[in-house]
Amino acid sequence: MAQKPSIPKGTRDFIPAEMSKRKYIFDTIQSIFTLYGYLPIETPAMETMQTLMGKYGEEGDKLIFKILNSGEFNQGISADEYIQASSTALAHKICEKALRYDLTVPFARFVVMHQNEIQFPFKRYQIQPVWRADRPQKGRYREFYQCDADIVGSNSLVNEVELVQMVDAVFSKLGIRVCIKINNRKILAGIAEVIGESDKIIDITVAIDKLEKVGIENVNKELSDKGIADSTIAKLQPILELHGTTEQKLQQLQTILQSSEVGKQGIAEIEYICTNISHMSLSAEVELDLTLARGLNYYTGAIFEVKSKDVQIGSICGGGRYDNLTGIFGLPGVSGVGISFGADRIYDVLQQLDAYPAQVNQTAKILFVCFGEPEQQQALLYAQSIRSKGIACDVYPDVAKMKKQMQYANDRGIPYVGIIGETELESHTIMLKNMITGTQEAVNIEQCIAFLQK
RNA sequence: GUGGUUGUAGCUCAGUUGGUUAGAGCAUUAGAUUGUGGUUCUAAGGGUCGCCGGUUCGAGCCCGGUCUUCCACCCCA
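Residues numbered from 1 in each chain as written. Chains lettered and ligands numbered in written order. Predicted model: local features only at pLDDT ≥ 70, side-chain atom pairs only at ≥ 80, totals over all residues. Heavy atoms only, no water.

## A look at the domain arrangement of chain A
Interfaces are often sized by the amount of accessible area the parts lose when they come together. This is how it is decided: Source of the domain bounds: an automatic or database domain assignment.
According to the domain assignment, chain A consists of domain 1 (16-44 + 100-353) and domain 2 (362-453). Here the C-alpha centre of domain 2 lies 51 Å away from the C-alpha centre of domain 1.

Here it is in structure tokens:
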């Protein structure tokens, strides 16, 4: 026998039962995106190395899947070079393409390349897989889908407000209780400025990001490991210990960040977003979380992260404002803000909550069960007229035992079965059986259609 | 990338200090039932015990390597 087949680490197959659930998630997200006026685009699975490298920080570069050049990729590399070069330097020599790591950077590239074909402000959505050479864990895969909605070419905070609204719409439609955490990079910058460590802002945010997880002592320890003076860490304490409602937190921040222009700007932005949201009676909880940092280093303004309240799985959605992402590709002055839904994690959450609507597993509404070939031919005609009314209909393709045909309907959750035998054929009727109640009655095709349309 | 963990039928798992032909439940297929599914009963198919090597008269069990799974870190959807 041949060797057992396998698929690469961190990838998955999806059987029909899983696909219909996944499709339900994608369709829900897509319908909301469309509802808010976003337009679809797609970009290639692979980008040039140049486009991707250096956009996600040093760690990110390592997690990008590189594609080996085709043909004689090792030509022009000496043995010395091969042994001595760092793996990234070597990668640049033998790879000119890589798999996309997210949808935001390819989108920035897209905007620059198509700047004369699109009108700003440009709202796009994109639902495609991305790849990361991460070590897999629960809710962490090497191939997974992102569902992104971004708007570029507008500085207005209205966009941020609308994104929060959209996040709320998606999760309430899916029936997932969530907490939307918001923060602002400018506030984080302000904090760094106030304590006099502006150049260490990355280290500081990475450290305080872990507050909830490891506790304040460990955060302080990490800060001091990173070479931040104890007196400076002491200045940070009142910020880490902030609590109360969003209004109260903002009020306290006002005084702490008094001397920082950026900081005050960040506060004003958050205030604008929060006041507007408060008028909208969202079902999700919105919370200002100063420990929210988000690793991607291209965010410059508001940042968002969404967590499920009932399932622990990390964030299921995240995003923020990036002021100059297209600048790297030669188009400065275009601000963007966007949000990304992690469909695979949302799937895991729904799976754990068992919160799928019943019709997700339904294929056809009616199955024709026939006893012989003449009956089948009649069923094909009936099926055609039922389908013409937009009702999903299936005809069992083989002349098989009734039990087998009924079981087919049962396994697939088909709610009605139309039985056709000699008697029905003669009287031009269908024995319409309800598979849930078990009752049945003889009807003609018009009655049958009318019944199914109800 | 670092440290740990897991692997026996499609799935969930048994398998005695190393000892004949590796088991169960569920699932699948067929029959009981030639015009009626879910329940029940009967039977069948399905395993190079993740893979490669070693120790041994003998390995599912012991040892080494490798791959995979899951977990923590890193980072993140």
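## Quick word on the protein's contact with RNA strand B
What counts here: If even one non-hydrogen atom of a residue comes within 4 Å of a molecule or strand, that residue is called near it. Polar contacts here mean pairs of N or O atoms no more than 3.5 Å apart (in protein, one a potential hydrogen donor and the other a potential acceptor; neighbouring residues in sequence count only if both atoms are side-chain atoms). In this description a helix means any DSSP run of H or I spanning at least four residues, a strand means any run of E spanning at least two, and both kinds are numbered starting from the N terminus. Amino acid classes used here: Ala, Val, Leu, Ile, Met, Phe, Trp, Tyr, Cys and Pro are nonpolar; Asp, Glu, Lys and Arg are charged; the rest, including Gly, are polar.
Looking at RNA strand B, there are 41 residues lining it, with Lys138, Arg140, Ser315, Thr423 and Met435 nearest. Counting only atoms of RNA strand B within 4 Å of the protein, the sugar-phosphate share comes to 47%. A distance of 3.0 Å separates a base oxygen of RNA strand B from a polar side-chain atom of arginine 345. With respect to RNA strand B, the side chain of lysine 403 contributes an N or O atom lying 3.4 Å from a base nitrogen. Mapped onto the surface near RNA strand B, the elements with two or more residues apiece are β6 (143-152), β10 (315-322), α17 (402-411), α18 (422-427) and β15 (430-434). The biggest single contributor to the surface near RNA strand B is α17, with five residues. Looking at the surface near RNA strand B residue by residue, the class counts come to twelve nonpolar, eleven polar and 18 charged.

## Quick word on the nonpolar core
A general feature of soluble globular proteins is that nonpolar side chains tend to end up buried together. For the record, the criterion: Nonpolar cores were defined as sets of buried Ala, Val, Leu, Ile, Met, Phe, Trp, Tyr and Cys residues, with membership established by side-chain atoms within 4.5 Å. Partly exposed describes any residue whose relative accessible area lies between the buried limit of under 20% and the exposed limit of over 50%, with all areas from a 1.4 Å probe on protein chains only and scaled to the type maximum.
In terms of nonpolar packing, the biggest core is built from 103 residues, with Phe171, Phe341 and Ile346 touching the most fellow members. Sorting elements by how many residues they give to this core places helix α7 (residues 158-174) first, with nine residues. By size, the runner-up hydrophobic cluster in this structure holds 19 residues, among which are Ile366, Ile386, Ile391 and Cys393.

## Some details on the state of the cysteines
For clarity, the threshold we go by: To count as a disulfide, a pair of cysteine sulfur atoms needs to be within 2.5 Å.
Inspection of the entire model under this criterion finds zero disulfides. Residue cysteine 179 stays outside any disulfide, its sulfur separated by 12 Å from that of cysteine 274, the closest cysteine. The buried category is assigned to cysteine 274, whose relative accessible area is 14%.

## Quick notes on the pattern of salt bridges
Rules: Each reported salt bridge corresponds to a side-chain nitrogen of Lys or Arg within 4 Å of a carboxyl oxygen of Asp or Glu.
Summed over the entire model, instances satisfying the criterion amount to 15 salt bridges. Lysine 181 is paired through a salt bridge with aspartate 289; the nearest N and O atoms lie 3.5 Å apart. A residue pair is termed long-range when its members are at least 10 positions apart, and lysine 181 in strand β7 (residues 178-184) and aspartate 289 in the loop between β8 (285-288) and β9 (302-308) qualify at 108 residues. The class of aspartate 289 is buried, set by a relative accessible area of 10%.

## What to know about the environment of lysine 433
Defined as follows: A contact between two residues is defined here by any heavy atoms of the two lying within 4.5 Å.
The residue lysine 433 is located in strand β15 in this model. Overall, the relative accessible area of 18% leaves lysine 433 in the buried class. Each C-alpha atom, one on lysine 433 and one on glutamine 258, is 74 Å from the other, the two residues being 175 residues apart in sequence. Those residues in contact with lysine 433, other than ones at most four positions away along the chain, are Met406, Pro415, Tyr416, Val417, Gly438, Thr439 and Gln440.

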